[in-house]
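Per-entry structural report
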Amino acid sequence: MDDMEDLDLNLTQTTRMFTKAELCLWEPKPEPCGLVIFGASGDLTLRKLIPSLFHLFSRKLLPENFYVLGVARTEMDDEKFRSTLVTALGDSVTQEKEVFSDFIRRFHYHTCDYGDRGGYLAMKKLLAELDGRFGVQGRRVFYLSTPPSLYPIIVRMLGEAELNQPPGDNRPWVRVVVEKPFGTDKPSAQQLNRDFHSVLDECQIYRIDHYLGKETVQNIMMFRFANILFEPAWNRNYIDHVQITASETLGVEHRAGYYEESGVLRDMFQNHLLQLVALIAMEPPSLFSADPIRNNKIEVFKSIRPFTRATIDRDTVRGQYSAGTAGGKSTPAYRAEKGVKGDSTTATYAAMRFEVDNWRWAGVPFYVRSGKCMAERVTEIAIQFKHVPVSIFQPIPAEQLAANVLRFRIQPDEGITMSLEAKYPGPKLCLGTVKMDFNYQKTFSMAQPESYARLLLDSMTGDQTLFSRSDGIEECWQILDPVLNKWKKDGEKGLHFYPAGSWGPGEADTLLSRDDRTWDLPYDSLG
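Below: a short report on this structure. (Residues numbered from 1 in each chain as written. Predicted model: local features only at pLDDT ≥ 70, side-chain atom pairs only at ≥ 80, totals over all residues. Heavy atoms only, no water.)

Remarks on the packing of aromatic side chains
Enumeration over the complete set of coordinates arrives at 20 aromatic pairs. Ring centres 6.3 Å apart and planes at 65 degrees place the aromatic pair Tyr259 and Tyr334 in the edge-to-face group. Of this pair, Tyr259 sits in helix H9 (residues 256-281) while Tyr334 sits in the loop between strand S11 (329-331) and strand S12 (349-355), placing them 75 residues apart in sequence. Side by side, Tyr259 and Tyr334 carry an identical accessibility label, which is buried. In this structure an aromatic cluster arises from ring pairing among Phe54, Phe57, Phe81, Phe100, Phe103, Phe107 and Tyr109. Over the face of the ring belonging to Trp173 we find Arg175, whose NZ or CZ atom lies 3.7 Å from the ring centre. Residue placement shows Arg207 over the ring face of Phe182; its charged tip is 4.9 Å from the ring centre. (Phe/Tyr/Trp six-rings, centres within 6.5 Å; stacked < 30°, edge-to-face > 60°. Helix = DSSP H or I, 4+ residues; strand = E, 2+ residues; numbered from the N terminus. Buried < 20%, exposed > 50% of the residue type's maximum accessible area, 1.4 Å probe, protein only. Lys NZ or Arg CZ within 6 Å of the ring centre and 35° of its normal.)

Right, here's the structure in full:
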């Protein structure tokens, strides 16, 4: 049985084709509005936001009356700003010339120092002019694509310039989208929430997490709550444990300044990975809308067993990459990277064991790991079901029959796979593992849109379902603050080094072997 090749059951061969109109939830199209991007000359704007906007615009998902105002300290005029968009969009410009011509005429630029009140008053005048020209009636989305230190400054200045509320008597709406990280610990997140709430209502604040815009992440709720097959078994009676892996082959590259301050817990766990835990563990919401879903996520965060000094040492592992080969490239040690201190104790890898203390999940551990310079670039959730209680296939014992595993592949190839035991063809009674494989691109014959596209659209339609609420942010910090504080106090004590291109330090294997379990290999590694 060990040397048998896995059988592939490709669900794309049997998937029923359906029309676009069939079983589609009604979603509103955005009202006419303007998008103001602070940090418009930065990397995130050019790499993610502009391509996402063009994707939406070319598919007629944006309103006809729509404009973008880029705001940054870099001196530019409209034409120079538009030329940077040509570079950002690359081949799309020539492939969709007519669409691009209509798209780019909507872009304007305003040079402004983020703390200069005069710059905001000049921007207010320009926005009034653009509102009239494009007929958006004061509806505006402000997107803060800037370093986190500027968030409170920009929000305060928006308030002082009275840009936090829409102009005119009809009072349409103003919304603010803010990038991660939202704070560096619970006290700083609470202060940032106070800063925002002094100027904005909670319903105006959209704390973005681009992981939640990925198709497979959104599909977790569809998978659980639109299919009756799995939800009855989605509990401690049938699930043995859950594993979440988010690994990168890249090192810190040009982000050393940010990463030295954040480390892997602030960069990945506080936002992306705890959100994935919540989506897997949450109770069914009463309705597919923002507050019921976010309420149930927060209940998961509150149910996660708090870490103590003793359990931190037992249930967490931190590591830092040393020299090696990752992603086919020779990689220096983290401490040798440009901008990193030679004695840095910043964790580039972490593995954690979470317990969710409620009736559904009591006794089911969630093992979560993330790291840089790892063996593969992959983000995957593996739901490991329990073994069958008794084997009727003697002399094979029950524990040798492979347990079913359900995998949500979030990147790089989005999809869902399920491993099952089945008879191997032939006269002998041989069992082998087969895989049912649903791949988004193969099934729907289209590339997946950039995750920011969905989130930008939601911010314009006023849907906060995929955005974090203030109390949810604070609960996540509540979980991780004890770990961050102890790791900082311990310094190099307890920091384990792993060669670039590996799956992390060996101590992370002990985290599972202590429970008689092992890390699940990502789907592509299973053969």
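Considerations on the nonpolar core
Phe38, Leu53, Phe196 and Phe269 are the most contacted members of the largest nonpolar core, which totals 151 residues. Per-element accounting of this core gives the leading share, 14 residues, to H9. (Core = buried A, V, L, I, M, F, W, Y, C linked by side-chain atoms within 4.5 Å.)

A look at the pairing of strand S13 (residues 365-371)
Most of S13 is tucked away: seven of the seven residues are buried. Alternating positions in S13 separate into two faces, Pro365, Tyr367, Arg369 and Gly371 on one and Phe366, Val368 and Ser370 on the other, with burial throughout. Here S12 pairs with S13 via seven bridges, running antiparallel. Paired with Arg353 across the strands is Tyr367, a residue of S13. (Pairing = 2+ DSSP bridges.)

A word on the state of the cysteines
Inspection of the entire model under this criterion finds zero disulfides. Between Cys33, a free cysteine, and Cys203, which holds the nearest cysteine sulfur, the sulfur-to-sulfur gap is 16 Å. (Disulfide = S-S within 2.5 Å.)

Some points on the side chain of Thr316
One can find Thr316 in strand S9 (residues 316-322). At 2.6 Å, the side chain of Thr316 and the backbone oxygen of Ile312 are in polar contact. If we skip the residues at most four places from it in the chain, Thr316 touches Phe307, Thr311, Ala351, Met352, Val483, Trp487 and Leu511. (Polar contact = N/O pair within 3.5 Å; in protein donor to acceptor, adjacent residues only side chain to side chain. Contact = heavy atoms within 4.5 Å.)

Thoughts on the packing of helix H8 (residues 215-225) against H9
The N-to-C vectors of H8 and H9 enclose an angle of 10 degrees; their axes lie 9 Å apart at closest approach. Taken together, the axes of H8 and H9 lie roughly parallel to each other. Mapping the contact onto sequence places Val217, Ile220, Met221 and Arg224 in H8 and Leu276, Leu279, Ile280 and Ala281 in H9. Along the lines of polarity and charge, the residues of the contact of H8 with H9 split into seven nonpolar, no polar and one charged. (Axes fitted to C-alpha atoms, helices over the stretch in contact; angles between N-to-C directions. Parallel < 35°, antiparallel > 145°, perpendicular 65-115°, else oblique. Nonpolar A, V, L, I, M, F, W, Y, C, P; charged D, E, K, R; others polar.)

Describing helix H14 (residues 470-490)
Along its 21 residues, H14 runs 30 Å from first to last C-alpha, staying within 8% of the 30 Å computed at 1.5 Å per residue. The sharpest bend along H14 reaches about 40 degrees and sits at Leu480, with the proline Pro482 one to four residues further on. Gly491 lies just past H14 and shows a positive phi near 60 degrees. (Expected span 1.5 Å × (residues − 1). Bend = angle between axes of the 7 residues up to and from the residue.)

Here we look at the pattern of salt bridges
Tallied over the entire structure, the rule returns 34 salt bridges. Linked by salt bridges that have partners in common, Asp240, Arg353, Glu355, Asp515 and Arg517 make up one network. (Salt bridge = Lys/Arg side-chain N within 4 Å of Asp/Glu carboxyl O.)

Some points on the packing of helix H2 (residues 78-89) against helix H4 (residues 97-104)
Angle between the axes and distance between the axes: these two values describe a pair of packed helices. Where H2 meets H4, the closest approach of the two axes is 11 Å, and the angle between their N-to-C directions is 145 degrees. The two elements H2 and H4 cross, and the hand of that crossing is right-handed. Two secondary-structure elements touch here, H2 through Arg82, Leu85, Val86 and Leu89 and H4 through Phe100, Phe103 and Ile104. (Left-handed = near helix turned anticlockwise from the far one by under 90°.)

As for helix H1 (residues 43-58)
For H1, built from 16 residues, the straight-helix expectation of 22 Å at 1.5 Å per residue is met to within 8% by its first-to-last C-alpha distance of 22 Å. A bend of about 30 degrees at Leu49 is the largest found in H1, and the proline Pro51 appears one to four places after it. By the burial criterion, the buried members of H1 are Leu44, Thr45, Leu49, Ile50, Ser52, Leu53, Phe54, Leu56, Phe57 and Ser58. At the C-terminal side of H1, Lys60 shows a positive phi close to 60 degrees.

Here's the deal with the pairing of strand S6 (residues 174-178)
Most of S6 is tucked away, with five of its five residues classed as buried. Two strands pair when backbone bridges link them, and strand S5 (residues 140-144) and S6 are joined in this way by five bridges, in the parallel orientation. Residue pairing for S6: Arg140 is matched across the bridge by Val174. Pairing between S6 and strand S7 (residues 205-207): three bridges, direction parallel. The residue bridging Val177 from the neighbouring strand is Tyr206, located in S7. In terms of handedness, the path from S6 via helix H7 (residues 186-197) over to S7 forms a crossover that is right-handed. (Right-handed = clockwise from strand over helix to strand, strands pointing away.)

Honestly, that's just the spatial picture; any functional story needs more than this.
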